[in-house]
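Below, each chain spelled out in residue letters.
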Amino acid sequence: MEVAANDLLFLEQVQIFIGLQDLEQRIEDGQYLATDEIQSISELSGVSLDRLRQLNEPKVKPARLGQAFSKEHTVTNLVKHRRMTNIARYIDMIAKVGESLVSNPIARQARVALREEMLDDLRVRRPSFRRSRVRNATEHTELARVVEFVVKGNPEEIWFKGDIRARNWAIVTLLALAGLREGELRQLKLQDVDTNRGRLTVARRSDDQEDPRLREPNAKTSDRVYPITEIISDRIEEYLYGHQGDAAELTGSNFLFLSHGPTSLGRPISKEVVYGAVKDLGKHLDIPELHPHSLRAAWIQNLVDWAHEHNVPAGELDRFANYLGGWSYLSNMASQYRGDHLTKMAYQAGLKVEESR
């Protein structure tokens, strides 16, 4: 009980640090956490409580995030996992209280679906108790199958309608081959894409006046420019110069990915569209648990494999991956995957030794 109470005190410091006001009232009213807020909670859950308290003092004003934290201020994966678990339980409890006050059964069910989606997003970001993220050979193999299908597969095997197929094929391609977060993908605008030069801009736009969505997505980091390959460019263009243009004409929307439903045609897509596209892909490949974050994991694993083949130093890989992936400078995500790659290779080498005896 004392540990859980301390984790809630930690959550209070997180709210102060990121300016998250009236969290309990917001959750009770059904205004659930946005993707960038969930990501901030996830990242800060790896920071010590004492350090957050220091930074929340009015007199402490670090010029940059890089001056605010260092490796000595981090906690273990076990502590981070526990914090995020208790935070999720606390938010879940408050949300259920609010839902019980909603008399309309349809509105209440919609709130339940949004709550479960938010909690799934929180839980999937918890670190593993083990240091390795991909020691499960089946999981690694499944991610490899996903990437192989995205590169070489036929989307007509999954989606039959031309507009849905072109859009969803571009969506899963960006998630798997560029490693975008689903929130970053949903807030992309036409001016963010330059297929001639092979560049994609992930821009941070808080309170975007052009975004009609109640829970607008947002990039959680500062702007970054991402190089995109020919295959990504081709699939974006296939959608952009065909069905996207037809839908955009109806609403004048400047967003890249639009809805093609009968009642929402031409409006920017919801989170459910992205999750649905990935779920369809997983169903086709017999990977029912496939999630947008899984495709991001496939992207970083491929990046690490490339770095290993080209003898890229670990420090350079961290800096490169953190920029492209939009991670905090504190993140050691790439290093963990690199460690998993080396562990896998050592294991395979060990098997060969055993087989030769």
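Given the structure is predicted, the values throughout are model-derived calculations rather than measurements.

A word on the overall build of the protein chain
- Counting its regular elements, the protein chain contains 15 helices and 3 strands.
- Out of the 357 residues belonging to the protein chain, those deemed buried represent 49%.
- Counting contacts in the protein chain only where the partners sit at least 6 residues apart, residues at least 24 apart contribute 67% of the total.
- Put simply, the protein chain shows about 18400 Å² of open surface, and 52% of that area lies on carbon and sulfur atoms.

Here we look at the packing of aromatic side chains
- Evaluation of the coordinates by the stated rule reveals 3 aromatic pairs.
- When the centroid spacing of 6.3 Å and the interplanar angle of 50 degrees are considered together, the rings of Tyr226 and Trp299 count as tilted. Here Trp299 lies in helix α13 (residues 292-309) and Tyr226 lies in strand β3 (residues 224-227), a separation of 73 residues in the sequence. Across this residue pair, the class does not change: Tyr226 and Trp299 are buried.

A short note on the side chain of Asp92
- Residue position: Asp92 is located in helix α6 (residues 77-100).
- Separated by 2.8 Å, the side chains of Asp92 and Arg115 make a polar contact.
- Non-local contacts of Asp92, meaning those with residues more than four positions away in its chain, are made with Arg115 and Leu119.

As for unusual backbone geometry
- Phi at Asp22 takes a positive value of approximately 50 degrees, unusual for a residue other than glycine.
- Within the secondary structure, Asp22 is located in the loop between α1 (2-18) and α2 (23-28).
- The backbone phi angle of Asp286 is positive, close to 60 degrees, even though this residue is not glycine.
- Looking at where Asp286 falls in the secondary structure, it is placed in the loop between α12 (271-284) and α13.

Concerning the packing of α1 against helix α3 (residues 35-44)
- At a minimum axis separation of 10 Å, α1 and α3 run at an interaxial angle of 120 degrees. Regarding the angle of α1 to α3, the classification is oblique. As for the relative orientation of α1 and α3, their crossing is right-handed in sense. Side by side, α1 and α3 meet where Phe10, Val14, Phe17 and Ile18 of the first sit next to Ser40, Ile41 and Leu44 of the second.

Considerations on the environment of Ile231
- Positionally, Ile231 belongs in helix α11 (residues 230-251).
- The class of Ile231 is partly exposed, set by a relative accessible area of 24%.
- Distance from Ile231 to Val151, taken between C-alpha atoms, is 7.8 Å for residues 80 residues apart in sequence.
- Non-local contacts of Ile231, meaning those with residues more than four positions away in its chain, are made with Val150, Val151 and Leu177.

Brief notes about the nonpolar core
- Judged by nonpolar contacts, the single largest core of 54 residues is most densely connected at Leu174, Leu185, Phe257 and Leu281.
- Sorting the residues of this core by element identifies α8 (137-152), α9 (162-178), β2 (199-202), α11, α12, α13 and α14 (314-325) as the ones contributing at least two each.
- Considering each element in turn, this core owes the most residues, 10 residues, to α9.
- Ignoring anything within four residues of it in the chain, the contact list for Phe257 reads Arg167, Ala170, Ile171, Leu174, Leu185, Leu188, Tyr239, Arg267, Pro268 and Ile269.
- Residues Ile27, Val47, Tyr90 and Ile91 belong to the second largest nonpolar core, which totals 24 residues.

A closer look at the sheet that holds β2
- The strand order β1-β2-β3 describes an open sheet built from 3 strands, whose pairing is antiparallel. In the strand order of this sheet, the two ends are held by β1 (193-194) and β3, each with one partner.
- As paired strands, β2 and β3 are joined by 4 bridges and run antiparallel to one another. Of the residues in β3, the one forming a bridge with Arg199 is Pro227.

A closer look at α1
- End to end, α1 covers 25 Å across 17 residues, agreeing with the expected 24 Å (1.5 Å per residue, within 8%).
- Listed as buried for α1 are Asp7, Phe10, Leu11, Gln13, Val14 and Gln15.
- Those residues of α1 hidden inside the fold are in contact with α2, α3, α4 (49-55) and α6.
- Note on α1: the residue one or two positions beyond its end, Gly19, has a positive phi of about 75 degrees.

Let's talk about the confidence of the model for the protein chain
- This prediction gives the protein chain a mean pLDDT of 81; 83% of its residues lie at or above 70.
- Considering each helix and strand of the protein chain separately, the mean pLDDT is smallest for helix α15 (residues 333-356), with a value of 47, and largest for α9, with 94.
- Contacts of residues 62-66 to residues separated by more than four positions or lying in other chains number 6 contacts, the stretch itself having pLDDT below 50.
- Across residues 345-357, where pLDDT falls below 50, the model places 1 contact with residues more than four positions away in sequence or in other chains.

Criteria and thresholds
- Residues numbered from 1 in each chain as written.
- Predicted model: local features only at pLDDT ≥ 70, side-chain atom pairs only at ≥ 80, totals over all residues.
- Heavy atoms only, no water.
- Helix = DSSP H or I, 4+ residues; strand = E, 2+ residues; numbered from the N terminus.
- Buried < 20%, exposed > 50% of the residue type's maximum accessible area, 1.4 Å probe, protein only.
- Contact = heavy atoms within 4.5 Å.
- Areas by Shrake-Rupley, 256 points an atom, 1.4 Å probe, with all protein chains shown as cover.
- Phe/Tyr/Trp six-rings, centres within 6.5 Å; stacked < 30°, edge-to-face > 60°.
- Polar contact = N/O pair within 3.5 Å; in protein donor to acceptor, adjacent residues only side chain to side chain.
- Axes fitted to C-alpha atoms, helices over the stretch in contact; angles between N-to-C directions.
- Parallel < 35°, antiparallel > 145°, perpendicular 65-115°, else oblique.
- Left-handed = near helix turned anticlockwise from the far one by under 90°.
- Core = buried A, V, L, I, M, F, W, Y, C linked by side-chain atoms within 4.5 Å.
- Pairing = 2+ DSSP bridges.
- Expected span 1.5 Å × (residues − 1).
- pLDDT = per-residue confidence, 0-100.

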